[in-house]
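# Topology and contacts: notes
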Amino acid sequence: MENIDWSNLAFGYMKTDYNIRCKYSNGAWGELEVSDSEYLSVHMAATCLHYGQEAFEGLKAFKGKDGQIRIFRMDENAKRLQASCEGTMMAELPIEKFKEAVVKAVKLNERFVPPYESGASLYIRPFLFGTGAQVGVNPSTEYMFILFVTPVGPYFKGGFQTTPFVIMREFDRSAPLGMGKYKVGGNYAASLVAGAKAHDLGYSNVFYLDAVEKKYIDECGAANFFGIKNNTYVTPKSSSILPSITNKSLMVLAEDMGMKVERRPVPVEELATFEEAGACGTAAVISPIERIDDYDKKISYVFSHDGKPGAVSEKLYHKLRGIQYGDEPDVYGWVTIVE
Ligand SMILES: Cc1ncc(COP(=O)(O)O)c(C=O)c1O
């Protein structure tokens, strides 16, 4: 086996041994198939290529100190993929089939699950798309589900660090009655120009406000937002953000740590009142926010002066990672151990 430098992996693609595929035609899903090819043959008029009938997911598997591999909350990703399929009129993959595919891919690529000490993990990327030929704007009658895995490095190489975000009113991520609540490719294509501008300006990502009034906080790049104040975890309730599984988990942990949890519209000015702020998602668990600059209004909301996260963010981060790696007991039943 090739020598993988586990501690220096990026968040990028690395070829692994096998991927799992499943086809939908004549109104039914077929059996899961194992492939060792990285390529697929798709009809040039497939709806995924023209009309964006595509959805994806992202989750992780972790190797513990005990050598066991744990998959985090895959039932939630299965349900969210079904929601994304409903939103794009694609055939929904049954939850059990999704979970079977995840476990199968992890087992078949077990040698790519990074060791505990590296702080790295195995990223799992399921996706589903329309393969049938259409020229008119209509849903396909044929679909393909594929799931591949790839090892990814620890998000914070030099330790848990804060980064700056930027509010830019010239870009919207998604509309309140639009597709933002689904994990569909088009949302990410729509975020590339804004993301590139934010990076060029030296920010880690864009901090989006609601598209109608530009009054409430939506999310930060590809992560949900939370703010901490007065022993309360505050996170936006919005129809144009992706329901983050990490956020959902952090809300449970915060409550169990004796904090109040508020999920409600959060006005942008409220940023000035938070003691800590963070972006949360599968990639980083928590990416603590150094500051948020309002590019248009020339205001800065500062949460950290020394590059270090706040105490509550740190506690939540370690608790969730502890559950994922098996250092903490899985009292919520969030983890599936790969037998
Ligand atoms: C737009 C967006 N928001 C939030 C998240 C975080 O969601 P999760 O915690 O389920 O990874 C992601 C990543 O999946 C995302 O792409």
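Presented here is an overview of the structure given in this document. Within each chain, residue numbers correspond to sequence positions counted from 1 in written order. With pLDDT at 70 or above as the cut-off, local features in this predicted model cover only qualifying residues; side-chain atom pairs require 80 or more to be listed or tallied, and sums for whole chains, interfaces and linings still use all residues. Computation of side-chain values: all heavy atoms of the structure, hydrogens and water removed.

## Topic: the site of the ligand
Lining the immediate environment of the ligand, one finds 15 residues, of which Tyr-188, Glu-219, Ser-244, Thr-246 and Thr-282 sit closest. In this structure, Tyr-188 approaches the ligand through a side-chain N or O atom, which is 2.5 Å from an oxygen atom. For the purposes of these results, a polar contact is taken to be a pair of N or O atoms within 3.5 Å, where, inside protein, one atom must be able to donate a hydrogen and its partner to accept one; residues adjacent in sequence count only when each atom of the pair is a side-chain atom. At a separation of 2.5 Å, an oxygen atom of the ligand approaches a polar side-chain atom of Thr-282. For the accessible areas, the method is Shrake-Rupley and the probe is 1.4 Å, while residue cover comes only from the protein chains on display. In the complex, the protein chains occlude 95% of the 380 Å² of accessible area that the ligand would expose alone. Numbering goes from the N terminus for both helices and strands, where a helix is a DSSP run of H or I of at least four residues and a strand is a run of E of at least two. Looking at the shell around the ligand, the elements with two or more residues in it are strand 12 (223–229), helix 6 (245–256) and strand 15 (276–281). Note on definitions. A residue lies near a molecule or strand when any single heavy atom of the residue is within 4 Å of it.

## What about the environment of Pro-288?
With respect to the element layout, Pro-288 can be found in strand 16 (residues 285–294). Each residue is placed in one exposure class: buried if its accessible area under a 1.4 Å probe, protein chains only, is under 20% of its type's maximum, exposed if it is over 50%, and partly exposed if it falls in between. In this structure Pro-288 comes out as buried when scored by relative accessible area, which is 2%. Placed 124 residues apart in sequence, Pro-288 and Pro-164 show a C-alpha to C-alpha distance of 8.9 Å. Only heavy atoms matter for contacts: two residues are in contact if any of them lie within 4.5 Å across the pair. With residues up to four places along the chain from it excluded, the contact list for Pro-288 reads Phe-156, Phe-160, Gln-161, Thr-162, Thr-163, Ala-277, Gly-278 and Pro-309.

## Observations regarding the nonpolar core
Here, nonpolar core refers to any group of buried Ala, Val, Leu, Ile, Met, Phe, Trp, Tyr and Cys residues whose side-chain atoms link them within 4.5 Å. Counting residues in each nonpolar core, the largest one holds 38 residues, and the members touching the most others are Val-106 and Phe-145. A total of 5 residues in this core trace back to one element, the largest contributor, which is helix 3 (residues 95–108). Grouped together as the second largest cluster of nonpolar side chains are 23 residues, Phe-226, Met-251, Tyr-325 and Trp-334 included.

## Details of the pairing of strand 13 (residues 232–236)
Summarising burial for strand 13: 5 of the 5 residues are buried, a large majority. Burial of strand 13 is two-sided: the residues Thr-232, Val-234 and Pro-236 facing one way and the residues Tyr-233 and Thr-235 facing the other way are all buried. Here the rule is simple: two strands pair whenever DSSP picks up at least two bridges between them. In the sheet, strand 12 pairs with strand 13 via 3 bridges, with the strands oriented antiparallel. Considered in strand 13, the bridge of Lys-229 is made with Thr-232. In sequence, strand 12 turns back onto strand 13 through a hairpin of 2 residues, with Asn-230 there showing a positive phi of about 45°. Consider the strands pointing away from the viewer: the crossover is right-handed when the path from the first strand over the helix to the second runs clockwise. Tracing the backbone out of strand 13, into helix 6 and back to the parallel element strand 14 (residues 260–264) gives a crossover that is right-handed.

## Focus: unusual backbone geometry
Trans peptide bonds make up the majority, and among non-glycine residues the majority have a negative phi. Even without glycine at this site, Lys-214 takes up a positive phi of about 55°. Positionally, Lys-214 belongs in the loop between strand 10 (205–209) and strand 11 (217–220). Residues other than glycine seldom take positive phi values, yet Asn-231 does so here, at roughly 60°. Among the structural elements, Asn-231 can be located in the loop between strand 12 and strand 13.

## Section: the pairing of strand 17 (residues 299–302)
Note that strand 16 and strand 17 share 4 bridges and pair antiparallel. If you follow Asp-293 over to strand 17, its bridge partner there is Ser-300. Between the end of strand 16 and the start of strand 17, which pair antiparallel, lie 4 residues, with Lys-298 showing a positive phi angle near 55°.

## Quick notes on a nonpolar patch on the surface
Residues Tyr-18, Val-34 and Leu-108 make up a contiguous nonpolar surface patch of roughly 220 Å² in combined accessible area. Looking at the secondary structure, you find Val-34 in strand 3 (residues 33–35). Exposure above 30% relative accessible area and no salt bridge define the residues that can form patches, which grow by joining like charges within 9 Å and nonpolar side chains of Val, Leu, Ile, Met, Phe, Trp and Tyr within 5 Å. Criterion for a salt bridge: a side-chain nitrogen of Lys or Arg within 4 Å of a carboxyl oxygen of Asp or Glu.

## Notes on the pattern of salt bridges
The tally for this structure, following the rule as stated, stands at 20 salt bridges. Residues Glu-76 and Arg-73 are paired through a salt bridge, measuring 3.8 Å at the closest nitrogen-oxygen approach. As far as burial versus exposure is concerned, Glu-76 and Arg-73 are alike and both buried. With its nearest N and O atoms 2.8 Å apart, the salt bridge here joins Glu-262 to Arg-264. Residue classification places Arg-264 among the partly exposed residues on the basis of a relative accessible area of 23%. Each member of the salt-bridge network shares a partner with another, and the members are Lys-229, Lys-260, Glu-262, Arg-264 and Glu-270.

## So, the state of the cysteines
Working definition: a disulfide is two cysteine sulfur atoms within 2.5 Å of each other. In this structure the tally under the stated criterion is 0 disulfides. The cysteine Cys-22 is free of any disulfide, with Cys-85 supplying the nearest cysteine sulfur at 12 Å.

## Some details on helix 2 (residues 74–87)
Compared with the 20 Å implied by 1.5 Å per residue over 14 residues, the 20 Å span of helix 2 between its first and last C-alpha is a close match. Within the span of helix 2, buried status applies to Met-74, Glu-76, Asn-77, Ala-78, Arg-80, Leu-81, Gln-82, Ser-84 and Cys-85. Count one or two residues on from helix 2 and you reach Met-89, which has phi positive near 55°. Multiplying 1.5 Å by the helix residue count minus one yields the expected span of that helix.

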